[in-house]
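In case you want the letters, here they are:
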Amino acid sequence: AQCPDFVAPDSTPGVMTWDELLEHMDNLVSWGQDELKGWHKTASALQVKQGVEVCTSADLKHRVQFQNRLAGICEDMCKEVGAYPKCAQCPDFVAPDST
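Notes on the structure follow. Along each chain, residue indices are assigned from 1 in the same order as the chain's sequence is written. Local features in this predicted model are restricted to residues whose pLDDT is 70 or higher, and side-chain atom pairs enter the listing and the counts only when it is 80 or higher, whereas totals over whole chains, interfaces and linings include all residues. Hydrogens and water molecules were not included; the side-chain quantities draw on all heavy atoms of the structure.

**With respect to the overall build of the protein**
- Secondary structure elements are taken from DSSP: a helix is a run of H or I of four residues or more, a strand is a run of E of two residues or more, and numbering for both begins at the N terminus. The secondary structure content of the protein amounts to two helices and zero strands.
- Exposure is judged per residue with a 1.4 Å probe applied to protein chains only, and the accessible area is read against the type maximum: over 50% gives exposed, under 20% gives buried, and values in between give partly exposed. A burial count over the protein gives 7% of its 99 residues as buried.
- For the area figures, the Shrake-Rupley method with a 1.4 Å probe applies, and any residue is considered shielded solely by the protein chains shown. As presented, the protein carries roughly 9200 Å² of accessible surface, and 60% of it is formed by carbon and sulfur atoms.

So this is what it looks like as structure tokens:
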């Protein structure tokens, strides 16, 4: 006499399994593709209204902001996976003083 719509609770609360991680990554890819479609429409409209130089300048500014954000996240990720302070692959990483 099982309930027909019963969904078992998460057997690993607070922990992401490999299957859950892969599903999450697939969802991010799908979401990202949808976002890119919207951005392409916006960018196309902006390029018609503005000169290429203005778009190039704005694009460079956004790329720098994005790269800087990733640099900070990289160190956080290394701490999460226990690789810190051996983060040689992180951009501009400086190992903490051992004293």
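**So, a nonpolar patch on the surface**
- Residues F66, L70 and I73 make up a contiguous nonpolar surface patch of about 300 Å² in total accessible area.
- Considering the arrangement of structural elements, one finds I73 in helix α2 (residues 52-80). Residues enter patches when their relative accessible area tops 30% and they take part in no salt bridge; the joining distance is 9 Å for like charges and 5 Å for the nonpolar side chains Val, Leu, Ile, Met, Phe, Trp and Tyr. By convention in these notes, a salt bridge is any Lys or Arg side-chain nitrogen within 4 Å of a carboxyl oxygen on Asp or Glu.

**Points about the pattern of salt bridges**
- Throughout the structure, instances matching the rule amount to one salt bridge.
- Here D59 ties to R63 by a salt bridge, and the two come within 2.6 Å at their closest N and O atoms. A residue pair is termed a helical-turn pair when its members lie 3 or 4 positions apart in one helix, as D59 and R63 do in helix α2 at four residues.

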